[in-house]
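# Chains, contacts and geometry: an overview
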Amino acid sequence: MRPGCAATPSMWRYANVLPDVEPVTLGEGWTPMLPSRRYAGLFIKEEADNPTGSFKARGMSMAVSMARHYGLKKLAAPSAGNAASALAAYAAAAGMEAHIFMPRDVPMANYLEGEAYGAHVTLVDGLISDCGRMVAEGAKREGWFDVSTLKEPFRVEGKKTMGYELVEQLGWKYPDAVFYPTGGGVGLIGMWKAFDEMEALGWVSGKRPKMIAVQAAGCAPVAKAWREGAAASTMFENVATIAAGLRVPKPYGDAIILEIVKESGGTVVDVDDAGILASLLDWSRHEGLLLCPEGAAATAAYDVLIASGFLSKQDRVVLFNTGSGLKYIDAIAEAMGLERPGSQKPGGKKYPERTPVGGIITPQ
């Protein structure tokens, strides 16, 4: 018997395979599976439709639900951006304190959300790894409960619902491949767990999809480890990418990610920021989707693997757009060379007209 909660248009339709808890919910999950207008068999799993605009809502809904269940009052997490927004929102909904540590150069939307939801926000001169150390120190000193990636058991339970959804939305059949933008990689790990569970329950059978972990070339510890045949990654140096959610220089679950990719017959692809921006603009203009940079990394990686012959255009493929491009308007505008209309000084340069050059829009 498959899940019987079809009336619930959220991840909680799978309550029978989730921890038994009264949910703290804002309507997360059951996001659209959008067929491409140009590529047969290619689907975008549109996680931008989640509360706070990203897939992080799934994990934080589950983590905060369980934290409330166990009587916790103060939660803390490091974040590259979107996890902070989600924790702040769900903690507010649960009447709990949220203590968030983010790199100072996170997208403005993430900082604004943390403040607006009433979280205690600390901006750090460093990376998410530096933020993680500060959370660990503060947890000991202040009594916070650390809900960092894979350091508590329930965020992965929320993220695994992406696996249930994509299989159900494809008629209870596996696709040939799944492209997943991989920073911390909890979603990829969660989906693999979901496949284990669904097969054990008899809900799906057949060959599992190739799992494609996608990273930015400016922060590609998993891709580097994959190319070197290593069992785990090493700290990636000189991190720099427009895809803030992929700026994780040493994922906590890197060994698990690499093992899943290998077991699935998949691969790890890293794409540079020029390719990410070109793909983002291509999909905006031709598909009507303003992808987040992480999602555009996945669409760019799809082009790479089609060109290399690793996949064919006939393969049935799901690409995850993990968040809304609108959360990155400051970074995208800067990359495109755009300024806010009306921001020019009197007599200054007018709002630039733009012409397409190789898929990237550049000022004239």
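Per chain, the residues get numbers from 1 upward, laid out in the order the sequence is written. Reporting in this predicted model follows two pLDDT cut-offs: at least 70 for local features of residues, and 80 or more for side-chain atom pairs to be given and counted; totals over whole chains, interfaces and linings ignore these cut-offs and use all residues. Computation of side-chain values: all heavy atoms of the structure, hydrogens and water removed.

As a further point, take the sheet that holds strand β3 (residues 74–78). Note: strands within a sheet are paired through backbone hydrogen bonds, in either parallel or antiparallel orientation. Strand pairing requires that DSSP identify at least two bridges connecting the strands. Numbering of helices and strands runs from the N terminus, with a helix taken as a DSSP run of H or I at least four residues long and a strand as a DSSP run of E at least two residues long. What the 4 strands build is an open sheet, ordered β5-β4-β3-β6; its pairing is parallel. One side of each edge strand has no neighbouring strand; the edge strands of this open sheet are β5 (120–124) and β6 (145–146). Relative to strand β4 (residues 97–103), β3 runs parallel, the two sharing 5 bridges. Paired with Ala77 across the two strands is Ile100, which belongs to β4. Along the sheet face, helix α4 (residues 128–142) touches β3, β4, β5 and β6 and points at about 160° away from the line of β3. A contact between two residues is defined here by any heavy atoms of the two lying within 4.5 Å. What counts as an axis is a line fitted to C-alpha atoms, over the stretch in contact for a helix, and the angles between N-to-C directions run from 0 to 180 degrees.

Quick look at the sheet that holds strand β8 (residues 210–216) now. Taken together, the 6 strands give an open sheet; going across it, the order is β1-β2-β10-β7-β8-β9, and neighbouring strands pair in mixed fashion. Two strands close off the open sheet at either side, each with one partner strand: β1 (33–35) and β9 (267–271). Neighbour to neighbour, the strand axes of the sheet diverge by 25° on average, direction disregarded. For β8 and β9, the ladder comprises 5 bridges, and the chain directions are parallel.

On to the environment of Val121, then. By the element assignment, Val121 lies in strand β5. Once you skip the residues sitting within four places of it in the chain, Val121 turns out to touch Ile100, Met102, Tyr111, Gly114 and Glu115.

A few words now on the side chain of Lys159. Position of Lys159 relative to the elements: it lies in helix α5 (residues 155–159). Only protein chains enter the area calculation, which uses a 1.4 Å probe; residues under 20% of their type maximum are buried, those over 50% are exposed, and those in between are partly exposed. In this charge count, Lys and Arg are treated as positive and Asp and Glu as negative; neither His nor the chain ends contribute. Salt bridge criterion: a side-chain nitrogen from Lys or Arg within 4 Å of a carboxyl oxygen from Asp or Glu. Buried charge without a salt bridge: Lys159, with Glu47 as the nearest opposite-charge side chain at an N-O distance of 8.6 Å.

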